[in-house]
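Read off the chains here:
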Amino acid sequence: MSKGIILLFLGLFVKVSVADNSTQVFLFELEVEASIYNNITNYLMNVITNVDNATVFNFNITTDCTLKEDEKNCTCNTGYTWTSDICKKYKCCSNEICTLNINETAVCLSDKRVSINGTTTMTEYNYNELYQTDKTPTDEYLQITTEIIKKLKTSFSILPWFDSLVITNIRSGSVIVDYTVQLLGPVTNLTQLENIANSLSGSTIVTKGLVTINVPQNQPVDIGSQASINCTPQEDLGPVKWLLVGTQNKITEITNGVEASLQKNTHLTDTVYLTSISGSWKGTFTCQYTRNSIQHTASDKLDIALLPDIRGISEPQFPDCRNRNKKLKVKIWCSISDSAENYSVTWNSTDLTDLTSQPQEVRGGFIYYIVDATIDCMKYGNMTEEVSVTCKFTNNRAKSNRDRQNTVNIPVINEYSQFCEAEDIWPVTKSNHHAIKYCDDLSSGDRRRLCNGTWQQEISFCVNVNLYDIQKHVQELNKGLGIIKDVANTIFNRLQQTTTTENFISYANINASVNIIDGMNNVSIQQSNQWNDTVIPDFIKSASNLLNATEPWLEVKQDNLSLKYLHTIESTIRNANISKSFNLTENVKLVLCNISNNCNISTASVTSNDNIVAVEFRNLAKILPRPLKDKSNLSDAPILSVTTVNKIGGTGVFNVTLSFSYANRRLRNHKMFCVFWNETLMNWSEKGCLWGGIKNPDICTCNHNTSFTILMSKTAVSLLYMDELTYVGLGISIVSLVLCLLVEFLVWDTVVKSNISSFRHIALVNISICLLLAYIGFLASVNPMDSQANWCVILTVVKHFCFLSVFFWMLCLSFVLLHQIIFVFDQLRKKVYLGLSITLGYVCPFLCVAATFISFENGKDGEYYSKETCWLLYKGTLKGSIFAFVIPVGIIVFINMFTLFVVITKIVTPTVSEAKARDEKAVARSIMKTVVFLCPVLGITWIFGLFVLIIDLTDTPLAHIVNYAFTVLNSLQGFFIFLTNCFGEKKVRDALLMRFKGKQSVHFKSESSTKAVSSVMKK
């Protein structure tokens, strides 16, 4: 038996070194008899100290081998491990027993050995001296590289355990040399290495071996499990930087995320804790410490037993079993993303028979696993709604979490099923199910179309492939893979370019884009990063592009995508450090506003007692939930988001004043609502916001910051009990007018004795008749929607004519009074009056109505009248058919007011005979009596109608006072006419009394005469 001993020692050999005090490692293999093993090792350890002007120290035995006939069993002594060559060839990588070929040199090296990768710029050389233009070495190449190696060795060979220095690459830029230095033992004096780095100006030094890394030993680890990676430097090297080289050789920095947590433990150890491990963590972990320009690193691999995401579909998707005698062939596909994992796939179904696996297919980045099966329609044709098959993927490398499965449900069309016939690319589809088509290679996802008895609109969930790639990148960031500030500009720029592309606008792409922005902001907050001005332009352009069309937002019902969009944009703005305004797009405009300055955007302006950022959104109101839908219309007003930049100090209360140009479109008597999105209630709210009212209709004042808009009420402001007051008043007036006409008929011959009384009573009768017809027409159109269309226009014309006639007859009465007062001795002839009054009372109203009817497109709905009210239209100041009524009525009312003024003046002005004996109280009573008696019959109370037109109903309380006064006075006008000008007149009352008493007297006289005649005849 013999033993082979490898002796590893370090000597300073002047003859072999490149400089004084340089070091060199020598490896000796000594084969001795087993019987003298202990003696020879002791002897070598104590005797060999000097060799030819060199000092030998750290003489250590590293490897112990037992020789056999054609092989040897070797082990590494404590503190040593196998070399990388042995590890690769024999899979012996630690210090375990390794069986080697008898001729193989068994080499174990210190487990604290260090390798140094360096880059140094050699300014004294020129790249052209080393390489020709075709990149082939020049004749001086060997000489120059030898000089470079000698210079570098001069610096590095003074390190203990120095073994070799090899140039790995030479680049241009003067001459940049990449090289590797091998130290077969530890570096115990880092200051010495740092001095070397400082002496080599323009150098980068990276070490391996000064930091120990520990990864889970029992690999691979299961997906979804936990793991930790530890790094321990030999001394304090400062903060650590963690890197991961993934399966695609992409280097990513690791930070805190939903799956990763970085911690600094005691004893210099830094740890990455991984929870719910996903396949993203498969790769090589590197911990990197930097001190005095030298990077100290350690790396090791983490292997993960992956499990796939599975999608499944059948062909046909809806087997047709209406013929129960059929046996249908079905192909089921289970597909996964292309992967290097070797899964075993099994199929299982209790419903299908003859399951036969087919060869795999690889296309479009997916691996398709296929099975053929049979459906027996006799068994499932009229009872079963669907059958199913399960594909299970098993990873045999995993320990516990070994498999993942997907069940493909296949709806069966039986003889009782409703379905949609095939249409274009869409197959026959069972009712209440979706037909599915996978997207093309330029997008990810699927397209779906619902059949619910009839085909519905197709909905695409195909996400643009570039957008899908960005979304995966953001998901990696959220896990903890990547630093947001390093990649933010790139991601937002890619997003902006992708959202600008043709055919981008779809629900799936919009949804993915919103998720990207939301994910980016969540990661930014998680990493305590604030956005700066460099990313804002691409962010705003991307957000604006999403609002270019609103229809795709509404494709998926009961989805809060628009709310998520608004919340995401606001949250991103709150997490931004913005120093200027950005007016870059039509749909989204951002303005930075300083304290108390009036900031103008495109359709609004903002003033606040704090520094704010205001963002205006166009088109957003069309896709947000309907605000105050019971009170307001779905507005196309802009949404204005207000975010504070720096909160005010002290106990001051935040307030903001917003001015919306949209308020200029406010309709008369329509209230405006200042609302904001309440994230607590998840609804629009008016709390904390006040509308400026009729005086400032475009102003909203709020005491908080969020998203605001201004809305117009769906209907005009209505006053309580207004309809009830109107109907009661009209009922009383109609009864009163009928009584008035009846009284006039009864007392006409008694009362009408002169031309003046004739003129007055003729006017009164015609006023009563026209007003009665107008009131009846008004009540007939109370529910215009229940009437036929032709009836509505007829009622409008009747009311228009009758009300105008009322006022023109009032004008006639006014002229009679004026003539009587002014021309005292010139009596008006009856024929002249009748001709004038009939012309004014009926011909003039007829001409007004006819001209108005013709002018407004021959009485067209929406031009001459409104179907909702069966009355003339108001469209603004001096706009609308209503002014064909208002203008003549207004003129007549003012003339009649002048008449009333003349009458009162006549009463106030005393005659010569009354000058000394005038009673002021009697005069006041006369004036009051005149006003009370003349106002109803002259239509003076309609002056309130002018104020009703002028004063907006939102102008409280004045509008309420005027409208209630107008309604009460004019709905009871018939009653007041009867009370004052009919029953209130003494002559009329006397005539009625005389008429009823006269009948009784005649009856008494007739009886007496009869008796007298009878008596005479008897005599």
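**Q** Explain helix α18 (residues 943-950) to me, and be specific about the residues and the numbers.
**A** Restricting attention to buried positions, one finds in α18 the residues Ile943, Gly945 and Val948. Where α18 is buried, its residues touch α16 (883-908) and α19 (958-971).

**Q** So what's going on with the packing of aromatic side chains? Which residues, and what values?
**A** Under the defined criterion, the tally for this structure stands at 28 aromatic pairs. Consider the rings of Phe492 and Trp531, whose centres lie 5.4 Å apart with planes at 80°: the pair is edge-to-face. Highlighted residues: Phe492 in helix α8 (residues 484-500) and Trp531 in the loop between α9 (507-526) and α10 (536-545), separated in sequence by 39 residues. The buried category is assigned to Phe492, whose relative accessible area is 2%. For the ring pair Trp809 and Tyr842, a centre distance of 5.5 Å and an interplane angle of 70° mean the geometry is edge-to-face. Of this pair, Trp809 sits in helix α14 (residues 789-822) while Tyr842 sits in helix α15 (residues 830-855), and the two are 33 residues apart along the sequence. Trp809 gets classed as buried once you look at its relative accessible area, which sits at 2%. One aromatic cluster is present, built from ring pairs that chain together Tyr775, Phe803, Phe807, Trp871, Phe885, Trp942 and Phe966. One Lys or Arg, Arg311, reaches over the ring of Phe366 and ends 4.0 Å from the middle of that ring. Positioned above the aromatic ring of Phe461, the side-chain terminus of Arg448 is 5.8 Å from the ring centre.

**Q** Requested: an account of the nonpolar core, with residues and values cited.
**A** Note that soluble globular proteins tend to have their nonpolar side chains buried in a common cluster. With 83 residues, the main nonpolar core has Phe156, Trp281 and Ile332 as its most contacted residues. For Phe156, the residues in contact, after removing those within four places along its chain, are Ile116, Phe162, Leu165, Tyr179, Val181, Leu193, Ile196, Leu200 and Ile205.

**Q** Provide a residue-level description of the sheet that holds strand β35 (residues 459-460), including the pertinent values.
**A** Spatially, the 3 strands line up as an open sheet ordered β32-β34-β35, and their pairing is antiparallel. Two strands bound the open sheet, and with one partner strand each, they are β32 (433-438) and β35. Summarising the sheet, strand β34 (residues 446-451) and β35 pair through 2 bridges and their orientation is antiparallel. In the sheet register, Arg447 faces β35, and the bridge partner there is Ser460.

The rules we used
Residues numbered from 1 in each chain as written. Predicted model: local features only at pLDDT ≥ 70, side-chain atom pairs only at ≥ 80, totals over all residues. Heavy atoms only, no water. Buried < 20%, exposed > 50% of the residue type's maximum accessible area, 1.4 Å probe, protein only. Helix = DSSP H or I, 4+ residues; strand = E, 2+ residues; numbered from the N terminus. Contact = heavy atoms within 4.5 Å. Phe/Tyr/Trp six-rings, centres within 6.5 Å; stacked < 30°, edge-to-face > 60°. Lys NZ or Arg CZ within 6 Å of the ring centre and 35° of its normal. Core = buried A, V, L, I, M, F, W, Y, C linked by side-chain atoms within 4.5 Å. Pairing = 2+ DSSP bridges.

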